[in-house]
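Each chain, letter by letter, is given below.
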Amino acid sequence: MATVTVSPKYQIVIPKKIRESSGIVPGQKIQMIRCRDQIQLIPIEPLENLRGFLKGIDTHVERDEDRL
């Protein structure tokens, strides 16, 4: 577990081990979510990296006859 200190400007530094294991790079956007008494940091993936990640997914939807 890593411990960080909040600066007088309310900034923190993400420890190197966490940055590297999460693939966080300089300039990358990160979403912060407050969940009960925790703060979660979620790296936002650029849309280019998401292209094709659903390849091969079944998009067939069963529909009622009156909805065709």
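Some details on the overall build of the protein
Right, so step 1: Regarding its fold elements, the protein presents 2 helices and 2 strands.
Right, so step 2: Counting from the amino terminus, helix and strand elements in the protein follow one another as α-β-β-α.
Right, so step 3: Taken over C-alpha atoms, the radius of gyration comes to 20 Å for the protein, far larger than the 11 Å a tight globule of 68 residues would show.
Right, so step 4: Referenced to the eigenvectors of the C-alpha coordinate spread, the extents of the protein come out at roughly 65 × 30 × 20 Å.

A look at the pairing of strand β1 (residues 30-35)
Right, so step 1: Here β1 runs beside strand β2 (residues 38-43); their pairing, made up of 6 bridges, is antiparallel. Its bridge partner lying in β2, arginine 34 is registered against isoleucine 39.

Re the pattern of salt bridges
Right, so step 1: Within this structure, the stated rule accounts for 1 salt bridge.
Right, so step 2: In this structure, glutamate 20 and lysine 16 form a salt bridge, with 3.9 Å as the shortest nitrogen-oxygen distance. Here lysine 16 and glutamate 20 lie together in helix α1 (residues 16-22), a separation of 4 residues that amounts to about one turn.
Right, so step 3: Looking at glutamate 20, the relative accessible area reads 56%, which means it is exposed.

Focus: unusual backbone geometry
Right, so step 1: With a phi angle near 65 degrees, tyrosine 10 is a residue other than glycine that sits in the positive phi range.
Right, so step 2: With respect to the helices, strands and loops of the structure, tyrosine 10 is situated in the segment before α1.
Right, so step 3: The residue arginine 36 is not glycine, and still its phi comes out positive at about 55 degrees.
Right, so step 4: Note that arginine 36 resides in the loop between β1 and β2.

Structural notes on the environment of glutamine 31
Right, so step 1: The residue glutamine 31 is located in strand β1 in this model.
Right, so step 2: Between the C-alpha atoms of glutamine 31 and leucine 41, which are 10 residues apart in sequence, the distance is 5.7 Å.
Right, so step 3: Here glutamine 31 is in contact with Gln40, Leu41, Ile42 and Ile44, once residues within four sequence places are set aside.

What to know about a nonpolar patch on the surface
Right, so step 1: Taken together, the side chains of Val4, Val6, Tyr10, Ile12, Met32, Ile39 and Leu41 define a hydrophobic patch exposed on the protein surface, amounting to about 750 Å² of accessible area.
Right, so step 2: The exposed category is assigned to tyrosine 10, whose relative accessible area is 72%.

A closer look at the confidence of the model for the protein
Right, so step 1: Chain-level statistics for the protein give a pLDDT mean of 89 and a share of 99% at 70 or above.
Right, so step 2: Element-level mean pLDDT values for the protein span from 79 in helix α2 (residues 47-50) up to 94 in β1.

So, how was this worked out
Residues numbered from 1 in each chain as written. Predicted model: local features only at pLDDT ≥ 70, side-chain atom pairs only at ≥ 80, totals over all residues. Heavy atoms only, no water. Helix = DSSP H or I, 4+ residues; strand = E, 2+ residues; numbered from the N terminus. Rg over C-alpha atoms; globule rule 2.2 N^0.38 Å. Pairing = 2+ DSSP bridges. Salt bridge = Lys/Arg side-chain N within 4 Å of Asp/Glu carboxyl O. Buried < 20%, exposed > 50% of the residue type's maximum accessible area, 1.4 Å probe, protein only. Contact = heavy atoms within 4.5 Å. Patch = residues over 30% accessible without salt bridge, like charges linked within 9 Å, V, L, I, M, F, W, Y side chains within 5 Å. Areas by Shrake-Rupley, 256 points an atom, 1.4 Å probe, with all protein chains shown as cover. pLDDT = per-residue confidence, 0-100.

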